[in-house]
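Descriptive analysis of the structure
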Amino acid sequence: MPKTHLHRQKIQRRPVHGVLLLDKPLGLSSNQALQKAKWLLRADKAGHTGTLDPLATGVLPLCFGAATKFSQLQLDADKTYEAVLLLGTKTSTADAEGDVIETRPVSPITPELLAEMTRRFTGPLAQVPPMYSALKKDGKALYEYARKGEEVEREARHITIYKLEMAPAHDSRAQAAIKIIVSCSKGTYIRTLGEDIGEAIGCGAHLGSLRRLETGGFTDSQCVSLPALEAMSEAEREACLLPVQSLVASYPLVTLGADDAGRFLSGLRRRGTVGQWGPDAALVQVFATEPAAFLGSAHVTADELIPGRLLSPIEVQDMLTTRSTASPVSSSPAASAAMA
């Protein structure tokens, strides 16, 4: 579909609630990808769950309607990436989009060297964010300084690399290359990790490619591409949406009867009997049973259910009428049993 058609044709927006797992294409920003998907679904409210650079592809969960209330959970989630490091060359952006600023010879990449780099870069690390990033300093994004040729001091951030796999790779763009698969905590910059590995090897490096394989339990095998989405009917596009509660499906489940559900949805705490809501928990997913519907999140402290992010009554009604939330539990086997 031509780009001009996407942006010029007037469409009637409508409430859409759910999560679309998009395989972000190469060359588009996360926001550009979001706007295209939003247009295709005619959604009136949407947001993404943390940016992927235009150079990157892979899992980009897009939240529509009520799902935007729970997007922070994906921002905070652990992630897994696959990347190719091009050795011997540093660039201004630490990836293939930047200008070459330094070249150095590359020594042989031996199994012993890779084993040492894997050990060195696994576990808790302090990482200085790149200048080409959206982090702010004195109210301005770092990339704004970088584009003017300015470099400002950045504080190192504490991250964790849970797992790192490294293997030699072949790439015509470099003297030598390494493929890495990284499972990491939020806030990790793979461009910076690649650059740091290149410095530790002694030859410099930049990112040749980057793909997000997983975020918060969602994997690239679950994703749909923009071309596939464009080829679908509107009903087929809607069928690609995961329910809002898929964003909290890994958390403990609490179900409420009609009286408690109504009060909870209005923001009132619910006092339960001992153990009624389960053990104390920082986050639980909450469902009503009459009718079966997802209500939002809460936390449990001393047998008290304390509302967190709540759906509005209108959102609950929208979801009951536009999707089969009558089986809220499509994303949670535990909920399925509870609602039976």
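Residues numbered from 1 in each chain as written. Predicted model: local features only at pLDDT ≥ 70, side-chain atom pairs only at ≥ 80, totals over all residues. Heavy atoms only, no water.

1. A short note on the overall build of the chain
A count of helices and strands for the chain gives 11 helices and 18 strands. Projected onto its principal axes, the C-alpha positions of the chain cover 70 × 55 × 40 Å. When burial is assessed residue by residue, the chain has 48% of its 340 residues classed as buried. Pairs at least 24 residues apart make up 70% of the contacts formed inside the chain by residues separated by at least 6 positions. Summed over all atoms, the accessible surface of the chain reaches about 16300 Å², with 51% contributed by carbon and sulfur. Between the centroid of the 37 positive side chains of the chain and the centroid of its 37 negative side chains there is a distance of 5 Å. (Helix = DSSP H or I, 4+ residues; strand = E, 2+ residues; numbered from the N terminus. Buried < 20%, exposed > 50% of the residue type's maximum accessible area, 1.4 Å probe, protein only. Contact = heavy atoms within 4.5 Å. Areas by Shrake-Rupley, 256 points an atom, 1.4 Å probe, with all protein chains shown as cover. Lys, Arg positive; Asp, Glu negative; His and termini not counted. Charge placed at Lys NZ, Arg CZ, Asp CG, Glu CD.)

2. Looking at the packing of aromatic side chains
Considering all chains together, one arrives at two aromatic pairs under this definition. With a centroid separation of 5.7 Å and 50 degrees between ring planes, the pair formed by Phe70 and Phe294 is classed as tilted. Here Phe70 is found in the loop between strand S3 (56–64) and helix H3 (71–75), whereas its partner Phe294 is found in strand S17 (residues 292–301), with 224 residues between them in sequence. On the basis of relative accessible area, Phe70 is assigned to the buried category, the value being 3%. (Phe/Tyr/Trp six-rings, centres within 6.5 Å; stacked < 30°, edge-to-face > 60°.)

3. With respect to the pattern of salt bridges
A full pass over the atoms with the stated rule returns 17 salt bridges. One salt bridge connects Glu234 with Arg14, and the closest N-O pair in it is separated by 3.8 Å. With Glu234 in helix H8 (residues 234–239) and Arg14 in the loop between helix H1 (3–8) and strand S1 (18–24), this residue pair connects regions lying 220 residues apart in the sequence. On the basis of relative accessible area, Glu234 is assigned to the partly exposed category, the value being 26%. Judged by its relative accessible area of 15%, Arg14 falls in the buried class. In the salt-bridge network here, residues are joined through shared partners; they are Arg14, Arg42, Glu234 and Glu238. (Salt bridge = Lys/Arg side-chain N within 4 Å of Asp/Glu carboxyl O.)

4. Considerations on helix H10 (residues 313–322)
Of the positions making up H10, those classed as buried are Glu315, Val316, Asp318 and Met319. One side of H10 carries all its buried residues, which in axial view fall inside an arc of 160 degrees. Exposed residues lying more than 90 degrees from the buried face of H10 are Pro313, Ile314 and Thr321. Looking at the buried residues of H10, the elements they touch are helix H9 (258–265), S17 and strand S18 (304–310). (Arc of directions from axis to C-beta.)

5. Re the nonpolar core
One finds Phe64, Ile180 and Ile190 to be the most contacted residues of the largest nonpolar core, which totals 45 residues. Those residues within four positions of Ile180 in sequence are excluded, and the remaining contacts are Tyr81, Glu82, Ala83, Leu85, Leu164, Glu165, Met166, Ile190 and Leu193. Counting residues in each nonpolar core, the second largest holds 34 residues, with Val59, Leu256, Phe287 and Leu310 among its members. (Core = buried A, V, L, I, M, F, W, Y, C linked by side-chain atoms within 4.5 Å.)

6. Here's the deal with unusual backbone geometry
The peptide bond linking Glu290 to Pro291 adopts the cis configuration, its omega dihedral lying at -5 degrees. Within the secondary structure, Pro291 sits in the loop between strand S16 (281–289) and S17. Phi is positive for Ala94, which is not a glycine, with a value near 70 degrees. By the element assignment, Ala94 lies in the loop between strand S5 (89–91) and strand S6 (100–103). Phi at Ala302 takes a positive value of approximately 50 degrees, unusual for a residue other than glycine. Turning to its location among the elements, Ala302 is positioned in the loop between S17 and S18.

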